[in-house]
Every structure is written in C-alpha cells, then in structure tokens.
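Residue-level structure breakdown
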Amino acid sequence: MKAPPSRNVLSVRGLTVSFRKLNGEYVDVVRSIDLDVASGEILGLVGESGSGKTMVGLSLLDLVPQQGVRSVESIELSGADLSGFDAKQMQEVRGRDVAMIFQDPMSSFNPVRTVGASMVEVICRHQRKSRQEAEELCVDALAKVGVPAPRQRFSAYPHELSGGLRQRVMIAMATLNDPPLLVADEPTTALDATIQAQILDLLRQRIDQRGIILVTHDLGVAAEICDRIAVMQRGQFVETGPCVEVLSRPQHEYTKKLIRSVPSFRRPYVVARDGTRVEAGQPLLEGRDLSVTFSSRGMQLRAVKNVNIAVSRGETVGLVGESGSGKSTLVGALMGIHRPTSGTVLFDGADVATLSGRELKPLRRRLQLVFQDPYASLNPRWTIRRIVGEPLRAQNVGSNNENEARIREVLSLVGLPEDALDRRPGQFSGGQRQRIAIARALILEPEILIADEPVAALDVSMQAQVVALLNKLQRNLDIGYLIVAHDLALMHHIADRIVVMYLGEIVEEGRAESLTRSPLHPYTTALLSAAPDPEPGRTLNRVPMRGEQPSPLDPPSGCAFHTRCPIAAARCREEKPALSQHHDRLVACHYPGDLRLPNAKPA
Amino acid sequence: MKGDRRYRLSPLAVAGLRKLLEFLALLGALLTLLFFLLRVTGDPALVLAGADATEEQIAAIEAQYGLDKPLIVQYLNYLSALIRFDFGTSLESGRPALDVVLEALPVTLQLTIMAMAVTIAVCLPLGAWMGIYQNRASRRVASLLVFLAQGVPGFVAGLFMIQLLSVQLGWLPSIGRGGVETWILPTLTLASFLIPKLTRVISTRVSETLGKDYVRTALAYGASPRAVLWRHALPNALLGAVALIGSQFAYLVSGSVIVETMFAWPGLGWQLMQSTRTLDFPLVQALAVFIAILVFAVNNLTDLSFRFLDPRLRDSGVRR
C-alpha cells in the first residue's frame, strides 16, 4: 500500500444527471453523488449495466448525451471549479486536465486517420508545439506505454493495430498533455484476459501523481488495481471505501449480493453444483483428429489443428482460450457449420460427414446451440411463441396443440411467465433473453447443448441465474454441455472438464478443479494468473507473459507458445511437444508443471 | 499447391480483370438482347424508304443494308463487325455510326459533369447542415421540402423551369446548344434528378457519423465542434456519399436521355431517342455500347477512388 494521499485531485459534490424520457418526464440516472479522488489513487466505479457509472465519467467532462441534463454543486479539479465553466472553457479542460480512455479502442479512433494524426491533434489543441515536436512527444508516449516500434505505429491506421495495441495507444494519447485526472471507462472489457492484465498493469504504472477513475462492471478488475471502490446502484453510491475493506467486509446488501455473484477461484460460487461431478462416460459427440483450414488469397489459416474432443451426456466440458485460439471454429466443425479439412465428427457413433441432409435432420434435434449475444440472436419482430416454437416447425414435429403445450412447458422450465408468449424480445432484459434462447434450444429435447459464451454479455447477477438454470436442466434432463468461455473462474465452478486451446491446438485438458489448482502448461498458468479475481488479498505477482498471440497465419516453429512462454528453452523452439498423459492430465509441454502459479501452495 | 510467385498478379489486378470479364459478358448479353428486340419492333427499310415507296425500292434498300439475309446471319455479321470495332453506318444519315457517337459523347459528358458539379455544390452544404442541426425548426422545414422534391419527377421540374424562366420571364433559351445561357436550364434540370436523394443521404450520413464513438473521443480531448465536424465527421460521412455519387452516375445518364430530348441537346441521349424512333439499328447499337462503357468506367473509377480514400480498403488488413 502506498502512503496516504496528500491532496484531492478531484472533488465532486451533488452531481445529478437526468434524462428526458419520450413522455417528457425526467428520470435521474445519477442522483446527487459526492466523489473524491486523491493524487496517485485509483477509484473504482463499480456497478451493473444501467447503474449510471458511465454517466458519472462523461458528466465530469460535461459530455452527457443531448437528451441528458447535468446539475452539480461543484466539481473541483486541481483547485478550479468546473461547474460554472461555459462550453469554450470546458473545451480547454478536456484532454488537458481530464483525459478519457474509452472501452472499445477500435470504434474510438477515427478510422480514416492514422493514430499519429489523432495524437498530434490532441497535443496541438492544448500546447504550442510545432508538428515536429508534437510528433516526437507522441512517439515518446507510445514507447512509454510499451508499444513496440513506436515510430512505425505512429503512422498506422487503427485497423492495422491489434486490440491490445490500440488500447495502449489510447492510454498514450490520454497522457499526452499530462492531465491530473484520467477517466477510464471499461478500458479492458473488449480485451482478452492476458491482454487485460497487461493494460491494467500499465494503468497502474502510468498513474504517477494523477488520479484515475476506473469505471467497470467487473469486480475482479476493480480488485486488481483500485485503491478505493464506489459501488453504484440505480444512480447512487450504495457503498464507498478502501478496496480491500469493501470486498472483504461489504456492508450493503447490494454489494454483498454483487460480490457473491462473481465467480472466484478461492470460494464457492453462488450457484452450487449438487452431488459429485460426473465422470466422462460413453462420448455422444466426438471430434477425432479434427483440422479446419481456411484459405484466402493463397494464404492458409489453420484455425484448428488435429484436435480430439468428446462430450458425453450429463457432463460439462469447458473450452477456454484467447480470441483467435480456434474455439469457435472447433464448435462450428462439431456443429457441421464448418466442414473439417481432415478428421471426423461422430455423433452417437455415426460419422456425420457421411450422412445425407435427410439423415442429419434427426441428429440436429439431439444437438443444439446457444449463442453469445441474446440481443442479436433473437429476431426482434417475432413473438416469443414463434421464436421458441421455430425449431418444432423446422423439424416438422407435433400438431399445433401439442406444440403450444410444449412451448409453454419449456418456457416455464426456464422460468419465464406465460404472458411472455405474445411479447417480443425487445421487452426483455439480457438475462431473460438468454433464457428465451435456451428455451429455444431445449424445445427439441437435445442430448448435447453447445453454448458459445452463454453468459459473457450478461451482468453477474444475471450470469448466476443463467448458470443456475443450466445446472438445473442438466440435472433433470441429463444434457451434456460444451461451453465455450473465457472466464476461467466461472469454468472452475461449472465445468467437469476443461480444455485449453492455443493457436488452434489443445495444450492442456483435465478435470476442472485439478487443472485450475495446479496447471501444468505454462499457458494455462498464465491464463489463470491473468484472470481477475474479486477475492481481496491476492498477491499481484502475475506470470509474466510477453506480447500477444502470434498470427495464426504464421504460427511459430516448435511449441507454438514458445514466443510468449516465460520458461521456454532451446528445445521448445525446435521440437513440437505432443499432447500426452501427465498425472491426471493431457498436456502438450516439454516441461509440464515447471511454471507454478505464484500464489499456489506447493502440492 | 501455390502458383509460381512470378506469375501471380496483385489482388487489385485480379479483381480488375475479373470486373472487365464480367463487363464484357454483360455487354455481349446486352447487345444480343438489343439486336433481337430492335428486329421485332419494326422494319427499318420501311421507315427509310418512306410511306409511298414501291416493293422494289424497299427490296433494294433491304439488299443494300443486308436486311434481306436470315436473322441469324445478320446477327453473326453484326458480332464479327463489332469485334473489329466496326459499328456500321447510320441508316438515317449515312455517316459511320462511330462518328455520330463520338460527336455526341462529349456533349453528354459535358452535361452530366456540369449537372454533377451543381448537385455536389448544393447537396454537400445542404446535407451537412441538415445532418448537424437535427432539432432545428428550419431543418425540419428543409427536410420536408427535400422530401417533397424527391417526389417530383425530373422532367416535371424541367417543364416547370422552362415555363417560368423561358416562357414567362424570357431569360433563358429553352432549346438547342450554344453559349453558356443555353447550358443553364438543361444542367439544372438534370441536377434536379439527383439533388433531393443525395441531400438526404448526406444528411443521414453526417448525423450518423456525429454519433460515432470517435467523434465522442475527439470531443473528450477538447476538439471544438468545428474541428470535430471538419476533421472527423465530414471526411467519414463523405466516404459514403462518394459511393452513392458513383452509383448514381448511371441514373444521371438515363436522365440525360430525357433532358437532352426536352432541350434538343445533340448528345448521346438525344441521338438514342432519334435513332430509336427511326429504327436506325447501327446507331442504337453503337450508342448502347458507349453508354455501357461509360457507366462501367465511372462505376469502377468510383470503386478505385474508394479504395484510395478509405485506408481500410487500401491494403489487405495485415496488422502491423
């Protein structure tokens, strides 16, 4: 812990933001909150979607959207009161005294200008500098945030940079005018866990004497780097205090509920799995030696390489890996969406590739899919009855009366009221929509359900509800789940087996508790150490993992992970390790178990 | 599997070649269709010979132009001549069809380019203004007027202008092509075909762009509303407008048929109208070929300029 803060960078009193609804009434999305940020301090603004946390950040810059109205008693930033500033004065403040870091670094940069041009504009807006001097400052700033080859990156367009690099550029841009306050709005939400860890470390390093407000929905992220936390619910702070204090001894009921809902490795999840975990039985869905290669412009992208995977009834298999690891392609191959370049997909012993369209149809009944985004996967113009009943129509089963009864039954199974039938998706929350998507997948009574990030788009309390539903259904209907997810802590609680993929290959596979407790592959270790965890008191020693995942178009020689591996040896560069049995695990590493979790007890 | 690298063309060249082949196939289909359609609409010999011609005179004319041969032979002769870039002789004037077309081409180009310039000069500021001030009453009025204007067919607008500026006020000539004063009415009429549509598109694009995340970023870093507009919103909004302008060029060319006929401008459109009326097959066919080439060229120039203007299309998207 650092020395107690000496002075406040920011003091806000009585901040209210109201929005005008269509009927002309005003509704408060932020209600008279007070806020202090000390020099050198990171304040976490934590809350679920709709809690008003983003509006707090924007209102400091007086950038609330047009239909919103801000009222405030005082906003003191480094001694000056901003509350009475006019539009011109606020323009001077923005980017010089407060800089904002936005969530999605792709859409936040102008796509037709180089990132360098955007950065130079920020400097020249507030400082008297020649273009040459400004350019030097930018290249300096890029180097300081760890952008490799900064001078080249300076003249790159946003689409030419990876997500992690773009966010680094964004942070560099925020510090160009050396503002005393940074506001970071979900700065890592669009990034993979390992990149998220790098960006959070970077924010911590770049704080100096600044204050930082970190707006996030993720208690784990807040726990990682915040000094103090303010928990927001319906526009108000329900609890404020030092990070460790709030997380370990929450006072307010809402905080308690929120913390309980976040999965952590070091305590039970709010949704307990009853009974013992299932041992894998006779596999129902099986991929044998699957490879999927995409060709484009003469380049070969081997998205999935010689993967073996099996799911049996009643068990839950978690498939994890960074974006670009081939998870979704593998799922696509299992579903018959991508034709495997080599290898076979077996369902109940039958080779799916040899079956005709007519023979496949009954198989599709037994294998269903739930998508990540419940906002995009439901037709907004259809009623819930039509959406949920669509698979019955597609499969031509049952009479109208039978189907109506079936729809009602499935809807009550996922806990939605009967009056939902004639409504449309727009009238439901994200969690309810995902229930509808699950109901649609269940109506044909599948034996295997594949879910691609089924809870990633949901708030933690909604996540817990959907997970509880999935558990109940598995218990009652003996469904086998293949769940694609990036959240290892959640997988730790809901999966029987976990499969870890890197650059199209399985690098480790084993029973969930054992794999998360003592990972054998260094990549698994790194993923685990990068996973944010809301349980306070964790040491901040992360496994240092260099850089980003290499392009699958040009995978490294030998072990594909050697370019980022902290314990890579000469052998790893030359010789590809085979996936082989090691204790209770399958692992593809020459030195399994040599890299330990920093805070793990010796076995 | 991979081909020899030395013989590989750049992706742009491959795309260009494919486009060209597509175009040639399309042109062939168009000319075939045109050939047979024209033959079923009437006998040009009758038109040429006049109402009181004798059987012998008609037969002589048919023999002179090869119209007495079987249709399929005529078709093959026509194709083989085309490949040699021989468009034949205009039945009406007796001049080579190519000469007539090459005389008319610059006239039409001049008209469409002037009309396009007027369109852009009106639409850019008007559309941008309407896009920025979504909530002003004056914008709502302008929007309503543009909406109404879009419902008025172009030739009605042209007739209205002739009535007002030429007949009533006598300021401008309404017929023929000569000095600058004769250009004004045709240009304005042709421009009126596209102005409402383009204004609305630009207005929508500008207001959409102003809601983008990167505009918010610029604001959050202290850019003034003017800088946000000129440096961030307009360049992005105009990308979409460029695509529309290119695709609407064909529409302007078809509009020029109407406008040139109305104002007796000796361009491609006017010639097309005349030659169709007199069943002057060679001339119609030659005109069709050139109009198709013109539209194809403009569409592809737009595509190319789009590639140049939008960095996301400039390279293969390989990350640095």
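What you see is a predicted model, and the numbers here were worked out from it, not measured in a lab.

1. Some details on the overall build of chain B
Looking only at helices and strands, chain B has 13 helices and zero strands in total. Its helices and strands taken in sequence order, chain B reads α-α-α-α-α-α-α-α-α-α-α-α-α from the N to the C terminus. Against the globule reference of 20 Å for 320 residues, chain B gives a C-alpha radius of gyration of 25 Å, more extended than a compact globule. Dimensions of chain B, computed from the C-alpha atoms along their principal axes, are close to 85 × 75 × 30 Å.

2. Looking at the overall build of chain A
Across its full length, chain A holds 20 helices and 23 strands. Radius of gyration (C-alpha) of chain A: 26 Å, near the 25 Å computed for a compact globule of 603 residues. For chain A, buried positions account for 50% of its 603 residues. Within chain A, residue pairs in contact and separated by at least 24 positions form 69% of the contacts whose partners lie at least 6 positions apart.

3. Focus: the interface of chain B and chain A
With 23 residues of chain B at the contact, the number on the chain A side is 31 residues. Of all elements in the fold, only helix H9 (213-220), helix H10 (225-263) and helix H13 (311-314) of chain B reach the threshold of two or more residues within the side of chain B that touches chain A. Sort the elements by how many residues they give to the side of chain B that touches chain A and H9 of chain B lands first, with six residues. Residue classes in the side of chain B that touches chain A are distributed as eight nonpolar, seven polar and eight charged.

4. Quick word on the domain arrangement of chain B
All names here are of chain B. According to the domain assignment, chain B consists of domain 1 (20-83) and domain 2 (97-312). The centre of domain 1, based on its C-alpha atoms, is set 35 Å off from the matching centre of domain 2. Facing the ten residues of domain 1 at the interface are ten residues of domain 2. Within the residue set of the side of domain 1 that touches domain 2, elements represented by two or more residues are helix H1 (11-41) and helix H2 (44-49). Looking at the side of domain 1 that touches domain 2 element by element, the count peaks at seven residues for H1.

5. Some words on helix H19 (residues 522-530) of chain A
All names here are of chain A. In terms of burial, H19 is a largely internal element, nine of the nine residues being buried. Those residues of H19 that sit buried are Pro522, Tyr523, Thr524, Thr525, Ala526, Leu527, Leu528, Ser529 and Ala530. The secondary structure elements touched by the buried residues of H19 are helix H7 (193-205), helix H17 (488-494), strand S20 (497-502), strand S21 (505-511) and helix H18 (512-517).

6. Points about the packing of helix H13 (residues 384-395) of chain A against helix H15 (residues 430-442) of chain A
Residue and element names in this part refer to chain A. Taken N-terminus to C-terminus, the directions of H13 and H15 make an angle of 35 degrees; their axes are 7 Å apart at the nearest point. The residues of H15 that touch H13, namely those facing Ile384, Ile387, Val388, Glu390 and Pro391, are Ile436, Ala439 and Arg440. Residues of the contact of H13 with H15, tallied by class, amount to six nonpolar, no polar and two charged.

7. A short note on the confidence of the model for chain B
Residues and elements named next belong to chain B. Looking at chain B as a whole, its pLDDT mean stands at 81, while 94% of the residues score no less than 70. Least confident of the elements in chain B is H2, whose mean pLDDT is 72; most confident is H9, at 91. Scored below 50 in pLDDT, residues 316-320 makes ten contacts in the model with residues more than four places away or belonging to other chains. What the predictor reports for the complex is a pTM of 0.80 with an ipTM of 0.79.

8. Things to note about helix H12 (residues 281-309) of chain B
For H12 of chain B, spanning 29 residues, the distance from its first C-alpha to its last is 42 Å, which sits close to the expected 42 Å at 1.5 Å a residue. Among the residues of H12 of chain B, Phe281, Pro282, Leu283, Val284, Gln285, Ala286, Leu287, Ala288, Val289, Ile291 and Val298 of chain B are the ones counted as buried.

9. Some remarks on the sheet that holds strand S22 (residues 580-582) of chain A
All names here are of chain A. An order of S17-S18-S19-S14-S20-S21-S23-S22 is seen for the eight strands of this open sheet, with the pairing classed as mixed. Two strands in the sheet have a free side with no partner beyond their single neighbour: strand S17 (367-370) and S22. Strand-to-strand, the axes of this sheet are offset by a mean angle of 20 degrees, without reference to chain direction. Running over the sheet, H15 touches S17 and strand S18 (448-452) and is turned about 170 degrees from S17.

10. Some thoughts on unusual backbone geometry
Even without a glycine there, the phi angle at Asn396 of chain A is positive, about 55 degrees. Within the secondary structure, Asn396 of chain A sits in the loop between H13 and helix H14 (400-413).

11. Considering the environment of Val101 of chain B
All names here are of chain B. Mapped onto the elements of the fold, Val101 is located in helix H5 (residues 97-132). The buried category is assigned to Val101, around which 21 C-beta atoms lie within 10 Å. Distance in space between the C-alpha atoms of Val101 and Leu287 is 6.2 Å, their sequence separation being 186 residues. Look past the residues within four positions of Val101 in its chain and what remains in contact with it is Ala286, Leu287 and Phe290.

12. A few points about the pairing of S21 of chain A
Residue and element names in this part refer to chain A. In terms of burial, S21 is a largely internal element, six of the seven residues being buried. As paired elements, S20 and S21 share six bridges and run antiparallel to each other. Each residue of the ladder has a partner; that of Val500, found in S21, is Glu508. Here S20 hands over to S21 after two residues, with Leu503 in that stretch at a positive phi of 45 degrees. For S21 and strand S23 (residues 585-587), the ladder comprises two bridges, and the chain directions are antiparallel. Looking across to S23, one finds that Glu509 is bridged to Leu586.

13. So, the confidence of the model for chain A
Residue and element names in this part refer to chain A. With 96% of its residues at a pLDDT of at least 70, chain A reaches an overall mean of 87. Across chain A, the secondary-structure element scoring lowest on mean pLDDT is helix H12 (residues 357-366), at 82, and the one scoring highest is S20, at 95. pLDDT under 50 marks residues 1-5. Its contacts with residues more than four places away, or in other chains, come to five contacts.

14. Structural notes on the sheet that holds strand S9 (residues 211-216) of chain A
Residues and elements named next belong to chain A. Spatial ordering of the open sheet is given by S7-S8-S9-S3-S10-S11, a layout of six strands whose pairing is mixed. Each edge of the open sheet carries a strand with a single partner, namely strand S7 (98-101) and strand S11 (236-242). When the angles between neighbouring strand axes are averaged without regard to direction, this sheet yields 15 degrees. Note: strand S3 (residues 42-46) against S9, five bridges, orientation parallel. Looking at the pairing, Leu45 lines up with Val215 of S9.

15. Some points on the environment of Phe160 of chain B
Within the secondary structure, Phe160 of chain B is located in helix H7 (residues 154-168). The spatial distance from the C-alpha of Phe160 of chain B to the C-alpha of Thr189 of chain B is 9.6 Å, given a sequence separation of 29 residues.

16. Structural notes on the pairing of S18 of chain A
All names here are of chain A. Among the five residues that make up S18, five are buried, leaving the element largely enclosed by the rest of the structure. Burial along S18 is two-sided: the face carrying Ile448, Ile450 and Asp452 and the face carrying Leu449 and Ala451 are both buried. Two elements, S17 and S18, share four bridges in a ladder whose sense is parallel. Among the inter-strand pairings, Gln368 is bridged to a residue of S18, identified as Leu449. Alignment of S18 against strand S19 (residues 480-484), held across five bridges, turns out to be parallel. Paired with Ala451 across the bridge in S19 is Ile483.

About the cut-offs
All chains use their own residue numbering, which begins from 1 and follows the written sequence. Each chain gets a letter, beginning with A, and each ligand a number, beginning with 1, in the order they are written. With the structure being a predicted model, the display of local features is reserved for residues of pLDDT at least 70 and the display and counting of side-chain atom pairs for 80 or more, all residues being used for whole-chain, interface and lining totals. A run of DSSP states H or I qualifies as a helix once it reaches four residues; a run of E qualifies as a strand once it reaches two. Both are numbered from the N-terminal end. Here the radius of gyration uses the C-alpha set of atoms, whereas the globule reference equals 2.2 Å times the residue count to the power 0.38. Partly exposed residues are those whose C-beta has more than 12 but fewer than 20 other C-beta atoms within 10 Å; with 20 or more the residue is buried, with 12 or fewer it is exposed, and the C-beta atoms are placed from the backbone. By the convention adopted here, residues make contact when the C-beta atoms placed from their backbones lie within 7 Å. Residue polarity is assigned by list, with Asp, Glu, Lys and Arg as charged and Ala, Val, Leu, Ile, Met, Phe, Trp, Tyr, Cys and Pro as nonpolar; anything else, Gly included, falls into the polar class. Residue ranges assigned to the domains are those given by an automatic or database domain assignment. The convention used is that axes are lines fitted to C-alpha atoms, helices contributing only their stretch in contact, and that angles between N-to-C directions extend from 0 to 180 degrees. Per-residue confidence from the predictor is given as pLDDT, running between 0 and 100. In this analysis, the expected span of each helix is defined as 1.5 Å times one less than the number of residues it contains. Strands are treated as partners if at least two bridges between them are detected by DSSP.

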